[in-house]
Amino acid sequence: MNLLDYFPEGFSPRETQILLLQAIEPLLLDTTKKYIVVRAPTGSGKSAICTTISNFFRSQNKKSYLLCSRKYLQTQYLDEYSRVYSNFWGKANYRCPLISASCSGCPADNSIDAAAYMRFLRFNCTTNKVGDKCPYIVARDKAQIADSSLLNFEAFMANSISGLWSQRDIMLVDEAHCLADRTVGFFEVKVNPAWAKPPKPTKKTRGNKENLRVTKESKELKKVLEMYNSKVYSLQASKLSVPRDLLNAINYLETDGVDWILDFDTGTFIPITLRPLLDKYLFSFVEKVVLLSATLTPNMCKELGLNGSNSTYLEVESTFPKENNLIFTLPSIGKLNRANLAKEQTSKKLAEKVLKIRLMHEINRGIIHTVSYKLVETLHSALEAYLLELSDESNKYTAESMGFFFHEKGTNIDELLEKYKSTEGAVLVTPSLSEGFDGKGDLLGWQIILKCPFPYMGEPRIKELLNSKFGNVLFKERAIATVLQTLGRGIRSKEDRCYTYIFDANITSILSDCSRKSSKHYTSTSKYFKDLWKTRKVSKLIK
């Protein structure tokens, strides 16, 4: 066995890829630990590593699943390795020829039962094999029997409950640091008033009106399950269709070992403990799981139920020159909390600094990373106001004339990216490109990280996590992971060079904390990054 023999055809492995594949090789044969966690730096070519492993297993007449966090990553795999994988998107990505609209609006889904569903397909969507006119069904069936199937987290979990996926030998999870949040979002259950009365706080829970931690045995959850199961019985007795969402919700809520947070305001059960759900709907379908990410830390692994007894943690350092990744901090900005951002003088200061940096890199493309659309709007308004001050009768300055593109709510990021890539010296202000964007070559010469990307503290699960010491650790590590992902956007090879300007003092604080051996976050960054962070400079060009 030599994994390097199965490296994708037409590509040559880099030093980091060789080291990783050599380390992974013996672990694939280890039957004592099911999970391999690979932390490899951004730009190290994890897609080629996944494809190498898929190629090897196919050569042994074994099958694999490759799961991606987002559509852009699936597209990247298809662009480079379409011969290896059978791709399967979610329904919204296919167009139904029957209704000339997205397959997510499929009329067959409204059938009264499975038999009626099949009758609809045979009559409307079939030439030879049932459903062979439906692009979604055709892609799903191909992925079901392929040697190597490519799909996103949700597409796999949504179809695992119906028994679509067979047992395979290995599952590769790319951008695995996203898995916890995506699992939470997928399995949360909002109580449907048509099926059950949403729980309300009682006298005992009145001290915590917003949310309550519950289990399968808690009376609040038991009551909902009783009403849901009663609804199923009633519909079946009346020979009416049982909605798939109703059956799915029952399956999720009945999963053993899951703690939920009940958000009384929205009537939603949100999973706290994730491992039972991951086992049931993801990991149980394979013998081996390889999770890859640049920022999946040991603490974040614990949230997924991974530890030293069931997994091996591999880490490889970046080989990119540190001198090409130039980091500047701006201590004069201070901490950008809500109160400071609400001040007019803060907005003006942000606009002034942003404009000066933009002019320093006038011919280079740049991205300004925000944490929300609201911050995009705040910066847009501040820039327009500041540029108006600088204007006179002969020179009228606007953000547009200075090359800025703003990704505000409702605007299409793909269209903006095309404009950005085709415009020399363009500046894109967006909350959406902290990860996934490949700023190779001249696509990203500089970037600004405006605000620390802490998780939203108003989210019920985050509130519950913050009630524990470990939850507080996770809260900061989510922010650290996002910052590290962002720092990697412009350094995709040894030849790339990128300037990063960090505005929020909160970022400087948490990244500095990672370098202290006594810190709970010491393992959240690599030795390479700790050394890189020491080279950061306080910007003297911007006062």
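Residues numbered from 1 in each chain as written. Predicted model: local features only at pLDDT ≥ 70, side-chain atom pairs only at ≥ 80, totals over all residues. Heavy atoms only, no water.

Novice: Just to check I follow, could you spell out the packing of helix α13 (residues 344-360) against helix α14 (residues 373-390) for this structure?
Specialist: Helix-helix packing is described using two parameters, namely the angle between the two axes and the distance between the axes. Where α13 contacts α14, the axes come no closer than 8 Å and their chain directions differ by 75 degrees. The angle between α13 and α14 falls in the class roughly perpendicular. Between α13 and α14, the contacting residues are Ser 347, Lys 348, Leu 350, Ala 351, Glu 352, Val 354 and Leu 355 on the first element and Thr 378, Leu 379, Ala 382, Leu 383, Tyr 386, Leu 387, Glu 389 and Leu 390 on the second. Class assignment for the residues of the contact of α13 with α14 results in ten nonpolar, two polar and three charged. (Axes fitted to C-alpha atoms, helices over the stretch in contact; angles between N-to-C directions. Helix = DSSP H or I, 4+ residues; strand = E, 2+ residues; numbered from the N terminus. Parallel < 35°, antiparallel > 145°, perpendicular 65-115°, else oblique. Contact = heavy atoms within 4.5 Å. Nonpolar A, V, L, I, M, F, W, Y, C, P; charged D, E, K, R; others polar.)

Novice: How do you make sense of the sheet that holds strand β19 (residues 498-502) when you look at a structure like this?
Specialist: Strand pairing in a sheet relies on backbone hydrogen bonds, with the paired strands running either antiparallel or parallel. With respect to topology, seven strands assemble into an open sheet ordered β16-β17-β15-β18-β19-β14-β20, the strand pairing being parallel. Of all strands in the sheet, those with a lone pairing partner are β16 (404-406) and β20 (537-538), marking the two edges. Across the face of the sheet, helix α15 (residues 413-422) comes into contact with β15 (366-369), β16 and β17 (427-430) while running at roughly 160 degrees to β17. (Pairing = 2+ DSSP bridges.)

Novice: Quick question: what am I supposed to make of the pattern of salt bridges here?
Specialist: Where side chains of opposite charge bring their charged atoms close, a pairing between them can arise. Applying the stated criterion across every chain yields a total of 19 salt bridges. A salt bridge links Glu 464 to Arg 213; the shortest N-O distance between them is 3.3 Å. On the criterion of sequence distance, the pair formed by Glu 464 in helix α16 (residues 460-465) and Arg 213 in strand β9 (residues 211-214) is long-range, its members being 251 residues apart. For Glu 464, a relative accessible area of 13% translates into the label buried. A residue is classified by how much of its surface remains accessible, and Arg 213, at 37% relative accessible area, is partly exposed. (Salt bridge = Lys/Arg side-chain N within 4 Å of Asp/Glu carboxyl O. Buried < 20%, exposed > 50% of the residue type's maximum accessible area, 1.4 Å probe, protein only.)

Novice: What's the story with the pairing of strand β6 (residues 148-152) in this structure? I'm lost.
Specialist: Along any regular strand the residues' side chains alternate between the sheet's two faces. Across the five residues of β6, five count as buried, placing the element largely inside the fold. The two faces of β6 match: Ser 148, Leu 150 and Asn 152 on one face and Ser 149 and Leu 151 on the other face are all buried.

Novice: Quick question: what am I supposed to make of helix α9 (residues 244-253) here?
Specialist: Every buried residue belonging to α9 is among Leu 246, Asn 248, Ala 249, Ile 250, Tyr 252 and Leu 253, and all of these are buried. Those residues of α9 hidden inside the fold are in contact with α7 (179-187), β8 (189-190), α8 (219-237), β10 (260-263), β11 (268-271) and α10 (275-281).

Novice: What is the right way to look at the environment of Ser 162 in this model?
Specialist: Its location among the elements puts Ser 162 in the loop between α6 (153-160) and β7 (168-174). The sequence separation of Ser 162 and Lys 288 amounts to 126 residues, and the corresponding C-alpha distance is 22 Å. At 2.9 Å, the side chain of Ser 162 and the backbone oxygen of Asn 159 are in polar contact. (Polar contact = N/O pair within 3.5 Å; in protein donor to acceptor, adjacent residues only side chain to side chain.)

Novice: Explain the environment of Ser 82 to me, please; I cannot follow it from the model alone.
Specialist: Of note, Ser 82 is situated in the loop between α3 (71-81) and β3 (86-88). In sequence terms Ser 82 and Asp 30 are 52 residues apart; their C-alpha atoms lie 30 Å from each other.

Novice: I keep staring at the pairing of β17 and nothing clicks. Help me out?
Specialist: By the alternation rule, side chains of β17 split into Val 427 and Val 429 and Leu 428 and Thr 430, which are all buried. In this sheet, β17 lies alongside β15 in parallel orientation, the contact comprising four bridges. Residue pairing across strands places Ile 368 opposite Val 429, the latter belonging to β17. Alignment of β16 against β17, held across three bridges, turns out to be parallel. Pairing of Phe 404 across the sheet is with Val 427, part of β17. Traced from β16 through α15 to β17, the parallel crossover comes out right-handed. (Right-handed = clockwise from strand over helix to strand, strands pointing away.)

Novice: Help me understand the sheet that holds β3, please; the structure alone is not making it clear to me.
Specialist: Judged by pairing direction, the sheet is parallel, and its seven strands sit side by side in the order β3-β6-β2-β7-β12-β1-β13 without closing on themselves. With one partner strand each, in any of the chains shown, β3 and β13 (311-315) form the two edges of the open sheet. Ignoring which end each strand starts from, the neighbouring axes of this sheet average 20 degrees apart. Looking at chain direction, β7 and strand β12 (residues 286-293) are connected through six bridges and run parallel. Paired with Arg 168 across the bridge in β12 is Val 286.

Novice: What should I look at first to understand the packing of aromatic side chains in this one?
Specialist: Two descriptors summarise a pair of aromatic rings, namely the distance from one centre to the other and the angle between the planes of the rings. Taken as a whole and judged by the stated rule, the model has 25 aromatic pairs. Consider the rings of Tyr 35 and Phe 283, whose centres lie 5.3 Å apart with planes at 65 degrees: the pair is edge-to-face. Of this pair, Tyr 35 sits in strand β1 (residues 35-39) while Phe 283 sits in the loop between α10 and β12; the two residues are 248 residues apart in sequence, bridging distant segments of the chain. The burial state of Tyr 35 is the same as that of Phe 283; both residues are buried. Aromatic side chains Phe 187 and Tyr 281 sit 5.1 Å apart centroid to centroid with 35 degrees between the ring planes, which places their arrangement in the tilted category. (Phe/Tyr/Trp six-rings, centres within 6.5 Å; stacked < 30°, edge-to-face > 60°.)

Novice: Is there a simple way to explain the state of the cysteines in this structure?
Specialist: Two cysteines form a disulfide when their sulfur atoms are joined by a covalent bond. Counting across every chain of the model gives zero disulfides. Cys 96 takes part in no disulfide bond, and the closest cysteine sulfur, belonging to Cys 103, lies 5.2 Å away. On the basis of relative accessibility, which here comes to 9%, the residue Cys 96 falls in the buried class. A disulfide-free cysteine, Cys 134 has its sulfur positioned 4.4 Å from the sulfur of Cys 103, the nearest such atom. Residue classification places Cys 134 among the buried residues on the basis of a relative accessible area of 12%. (Disulfide = S-S within 2.5 Å.)

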